[in-house]
Amino acid sequence: MLRRLYDWTIRMSDHPRALWVLAAVSFVESSVFPIPPDVLMIPMILARPSRAWLIALVALVSSVLGGILGYAIGALAYEQVGQPILESLGKGDAMTEFNTRFNDFGFWAVLTAGITPFPYKVITIMSGWTGMPLVTFIATSILARGLRFFLVAALLWKYGAPIRDFIERRLGLMAILFIALLFGGFYLVRHL
């Protein structure tokens, strides 16, 4: 089933309404869909490099709006279903402690998931579930998704098809290394 979704997504990159399809995929990927919008963005930008920035902007706006839906899913489903179940099992206090710890690092969790290949939808739902401040969530999502989509657009606009392999195979690793270095730098500054 995943392969059929992937193939459908690739076919849609050449559709006359590809920007609308990209908006829909970016929106649902932030809360439920398993295929990242990059799969559509890459062939769309390679086909029309002059539209790279528009394509990245559509992915950004749609992804953040979809992230807000994921946040709402986490906020609403937890209160109505998850919390009563956990309290009946005597785990309500453990979840309060988890929520506090997650929200202490929430900015970094959203930033990391928004840039790296880690499923962004997991963090959007957890952010709502833990009650992360919505303004922090939205601002961090805009930063993270903007970095990701505009970096892909910039690389494809500048280097075209030769950079495609790097983006598809190694950009996630580079983003993870960047985040690790950023964390390491903050740790050193704080503890030295």
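Before reading further, recall that the structure is shown in the block above.
These notes cover the structure that comes with them. (Residues numbered from 1 in each chain as written. Predicted model: local features only at pLDDT ≥ 70, side-chain atom pairs only at ≥ 80, totals over all residues. Heavy atoms only, no water.)

Here's the deal with the overall build of the protein chain
The secondary structure content of the protein chain amounts to nine helices and zero strands. Mapped from its N terminus to its C terminus, the protein chain presents α and β elements in the order α-α-α-α-α-α-α-α-α. Counting every position in the protein chain, which comprises 192 residues, the buried fraction comes to 43%. Considering only contacts within the protein chain whose residues lie at least 6 apart along the sequence, 76% involve residues at least 24 apart. Surface exposure of the protein chain reaches about 10900 Å², of which carbon and sulfur atoms provide 69%. (Helix = DSSP H or I, 4+ residues; strand = E, 2+ residues; numbered from the N terminus. Buried < 20%, exposed > 50% of the residue type's maximum accessible area, 1.4 Å probe, protein only. Contact = heavy atoms within 4.5 Å. Areas by Shrake-Rupley, 256 points an atom, 1.4 Å probe, with all protein chains shown as cover.)

A short note on the packing of aromatic side chains
Under the definition given, this model contains three aromatic pairs. Ring centres of tryptophan 53 and phenylalanine 150 lie 6.3 Å apart, and the angle between their planes is 10 degrees; on these two criteria the pair is classed as stacked. Remark: phenylalanine 150 occurs in helix H8 (residues 134-159) and tryptophan 53 occurs in helix H4 (residues 52-88); sequence separation between them is 97 residues. Taking relative accessible area as the criterion, tryptophan 53 reaches 37% and is therefore assigned partly exposed. An angle of 40 degrees between the planes, with centres 5.2 Å apart, marks the rings of tyrosine 71 and phenylalanine 137 as tilted. Remark: phenylalanine 137 occurs in helix H8 and tyrosine 71 occurs in helix H4; sequence separation between them is 66 residues. When sorted by exposure, tyrosine 71 lands in the same class as phenylalanine 137, which is buried. (Phe/Tyr/Trp six-rings, centres within 6.5 Å; stacked < 30°, edge-to-face > 60°.)

Considerations on the pattern of salt bridges
Any two side chains of opposite charge can pair, so long as their charged atoms come close to each other. The final tally for this structure, using the stated rule, is three salt bridges. One salt bridge connects glutamate 29 with lysine 121, and the closest N-O pair in it is separated by 3.8 Å. Remark: lysine 121 occurs in helix H7 (residues 120-130) and glutamate 29 occurs in helix H2 (residues 18-29); sequence separation between them is 92 residues. Glutamate 29 serves as the salt-bridge partner of arginine 145, at 2.7 Å between the closest nitrogen and oxygen. (Salt bridge = Lys/Arg side-chain N within 4 Å of Asp/Glu carboxyl O.)

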